[in-house]
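In case you want the letters, here they are:
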Amino acid sequence: MNIAALLAAYKPGHSLGQAFYSDPGIFARDMEMLSGRWLCVGHVSELPTAGDWLTAELGRESAIVTRRADGEFSALANVCRHRGSRICTLPHGHGPTLTCPYHGWTYRLDGSLRRAPEMPEGFDPAAHGLLPLPLKIIGGLIFLSFADHPPAIEASAAALDAMARRHGWDTGKIAARKTYTIASNWKLAVENYHECYHCAGSHPEFSALHALARPGNRRIGSKDVESWGPAPDGNEVFRVMHSGLADGVLTGSRDGKALALPMGAAGGVDTLGPECVFAELGFLSAFLAYADYGVIYRFIPRKSLETEMEVIWLVRGDAEAGRDFDPAALTWLWDVTSAADKTIIENNQAGVLSRAYRPGPFSKMEAATRQYVERYVAELARLAP
Ligand code: FES
Ligand SMILES: [Fe+2]
């Protein structure tokens, strides 16, 4: 597999060649590229008390995020410093320390080694702590990278932080989460997320509520960036887009009426009226915010032809299910939309695997997907030998 030659053959303005959506060698290279970027692994409300932890995976890498006794967070490589076992094997847990299941080495919540029985004279526990990973909390969202030196994130983080805080995400909490396992390469799942060319046909529920679904009817606020690519100072990629809602619609609900308690200042509604704000930071993490709830999209590549799409719904921190919102009503729109996306992405993958597949041209309504694909090609080219 000559990845450099395949990249050189890429025709701008088109979908990628078949190998990019199927070849295990390219998938391995993708994981190398993605592990060098920033990704969202959850929300601070998942770790409310000291000793809480969560794990996150990307390719061969796994991270533990802990809440320490001082209230701060640590991100640690989930690899024992004895002989390399995974330490935490569940998505979430709680305890005063982290204990390796293999021979029992025990680590503090900041990753320092607390106990390693029967080690010989001269063994230095201080030199055997869990490797720390870069971590950044942005408006309540937990981001980390598996690289020693990931791209700068400050400018992009400030922009996402402003959007998240305006919608009260920093004090919000998780109301629901669901994982959709998609039989496709991760890029087809992300590319689909970035365009609404398919919305009118595949998402009647979404299209009834969002102006975005209709060509030429997109509202871009004056301060907003709507492009992929690094922020001007070389920061991790960031994109935000304000999308107007249909007349009389306040939020993403069946009847357009509020579903939950308003979140953030003025319920996140700006002077131009109700909207849905879409944002992305890095290659695998996307966010959307209404006046009364938010949604996190996490794309998790598993295999060349398998991707998990985790959808997480956020509500105001003091909201109670049953009293302040109905979980079924809250999750209705983005569940029905995600389920439809799974089907169309899998259809897309089936066709792409055929010998008749040729890269095809993007429409005007697929500008963000085009930018995403071109950004991907540029990043992979930087790694290619
Ligand atoms: S590999 Fe973790 S204690 Fe041995
Ligand atoms: Fe879709």
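Residues numbered from 1 in each chain as written. Chains lettered and ligands numbered in written order. Predicted model: local features only at pLDDT ≥ 70, side-chain atom pairs only at ≥ 80, totals over all residues.

### Considerations on the overall build of the chain
- Scanning the chain from N- to C-terminus turns up eight helices and 16 strands.
- In terms of C-alpha radius of gyration, the chain reaches 22 Å, essentially the compact-globule figure of 21 Å for 385 residues.
- Structurally, the chain occupies a C-alpha span of about 70 × 55 × 35 Å along its principal axes.
- Across the 385 residues that make up the chain, the buried fraction comes to 41%.
- For the chain, the share of sequence-separated contacts (at least 6 apart) that also reach a separation of at least 24 residues comes to 67%. (Helix = DSSP H or I, 4+ residues; strand = E, 2+ residues; numbered from the N terminus. Rg over C-alpha atoms; globule rule 2.2 N^0.38 Å. Buried ≥ 20, exposed ≤ 12 C-beta atoms within 10 Å, placed from the backbone. Contact = placed C-beta atoms within 7 Å.)

### Topic: the pairing of strand 2 (residues 52-58)
- Where burial is concerned, most of strand 2 is hidden: five out of the seven residues are buried.
- Sheet topology note: the strand 2/strand 5 (residues 92-94) ladder contains three bridges and is antiparallel. Counted as the bridge partner of Asp52 is His94 from strand 5.
- The hairpin turn running from strand 2 into strand 3 (residues 61-67), its antiparallel successor, is two residues long, and Gly59 in that turn takes a positive phi close to 60 degrees. (Pairing = 2+ DSSP bridges.)

### Digging into the environment of Glu195
- Inspection of the secondary structure puts Glu195 in the loop between helix 4 (186-193) and helix 5 (199-202).
- Take Glu195: there are 17 C-beta atoms within 10 Å of it, and that puts it in the partly exposed class.
- A C-alpha to C-alpha distance of 10.0 Å links Glu195 and Phe362, two positions 167 residues apart in sequence.
- When neighbours within four sequence positions are excluded, Glu195 is seen to be in contact with Met365, Glu366, Ala368 and Thr369.

### Here we look at the sheet that holds strand 16 (residues 306-315)
- Taken in spatial order, the six strands of this open sheet run 11-16-15-14-13-12, and their pairing is antiparallel. At either end of the open sheet lies a strand with only one pairing partner, and these are strand 11 (173-182) and strand 12 (238-244). Each adjacent strand pair in this sheet contributes to an overall mean axis angle of 15 degrees, direction not counted.
- As defined by bridge partners, strand 14 (residues 285-289) adjoins strand 15 (residues 294-303) across five bridges and the pair is classed as antiparallel. Looking at strand 15, one finds that Ala289 is bridged to Gly294. (Axes fitted to C-alpha atoms, helices over the stretch in contact; angles between N-to-C directions.)

### Some thoughts on the domain arrangement of the chain
- Split by domain assignment, the chain resolves into domain 1 (38-135) and domain 2 (153-383).
- Distance between the C-alpha centres of domain 1 and domain 2: 31 Å.
- Across the contact, eight residues belong to domain 1 and 16 residues belong to domain 2.
- The element that contributes the greatest number of residues to the side of domain 1 that touches domain 2 is strand 1 (residues 38-43), accounting for four residues. (Domains from an automatic or database assignment.)

### Let's talk about the nonpolar core
- Counting residues in each nonpolar core, the largest one holds 99 residues, and the members touching the most others are Ala63 and Val65.
- Mapped onto the domain boundaries, this core takes at least three residues apiece from domain 1 (38-135) and domain 2 (153-383).
- If we ignore the near neighbours within four places in the chain, the residues touching Ala63 are Val41, Thr55, Ala56, Ala75, Leu76, Ala77, Asn78, Leu133, Leu144 and Phe146. (Core = buried A, V, L, I, M, F, W, Y, C linked by C-beta atoms within 7 Å.)

### What to know about helix 3 (residues 154-166)
- In a regular helix each residue adds 1.5 Å, so 13 residues correspond to 18 Å; helix 3 covers 18 Å between its end C-alpha atoms and thus fits that length.
- Along helix 3, the residues that are buried comprise Ser156, Ala157, Ala159, Leu160, Met163, Ala164 and Arg166.
- Buried positions along helix 3 lie against strand 9 (135-138), strand 10 (141-145), strand 12, strand 13 (275-281) and strand 14. (Expected span 1.5 Å × (residues − 1).)

### Points about the sheet that holds strand 9
- Here three strands make up an open sheet; going across it, the order is 1-10-9 and the pairing antiparallel. Of all the strands in the sheet, just strand 1 and strand 9 have a single pairing partner and so form its edges. Across the sheet, the axes of successive neighbouring strands diverge by a mean angle of 30 degrees, strand direction being ignored.
- Where strand 1 lies against strand 10, five bridges are found, and the strand directions are antiparallel.

### Considering the environment of His82
- Position of His82 among the secondary structure elements: in the loop between strand 4 (73-77) and strand 5.
- Along the sequence, His82 and Cys100 sit 18 residues apart, while their C-alpha atoms lie 9.1 Å from each other.

### Some details on helix 8 (residues 367-383)
- The end-to-end C-alpha distance of helix 8, which contains 17 residues, comes to 25 Å, matching closely the 24 Å that a straight helix rising 1.5 Å per residue would cover.
- Within the sequence span of helix 8, burial applies to Ala368, Thr369, Arg370, Tyr372, Val373, Tyr376 and Leu380.

### Here's the deal with the packing of helix 2 (residues 24-35) against helix 8
- In contact at an axis separation of 10 Å, helix 2 and helix 8 are set at 95 degrees when each is read in the N-to-C sense. On the basis of the axis angle, helix 2 is roughly perpendicular to helix 8. Residues Arg29, Glu32 and Met33 of helix 2 form the contact with helix 8, whose own contacting residues are Glu379, Leu380 and Leu383.
- Among the residues forming the contact of helix 2 with helix 8, the class breakdown is three nonpolar, no polar and three charged. (Parallel < 35°, antiparallel > 145°, perpendicular 65-115°, else oblique. Nonpolar A, V, L, I, M, F, W, Y, C, P; charged D, E, K, R; others polar.)

### Section: the confidence of the model for the chain
- Averaged over every residue, the pLDDT of the chain is 92; the share at 70 or more is 92%.
- Across residues 220-224, where pLDDT falls below 50, the model places seven contacts with residues more than four positions away in sequence or in other chains. (pLDDT = per-residue confidence, 0-100.)

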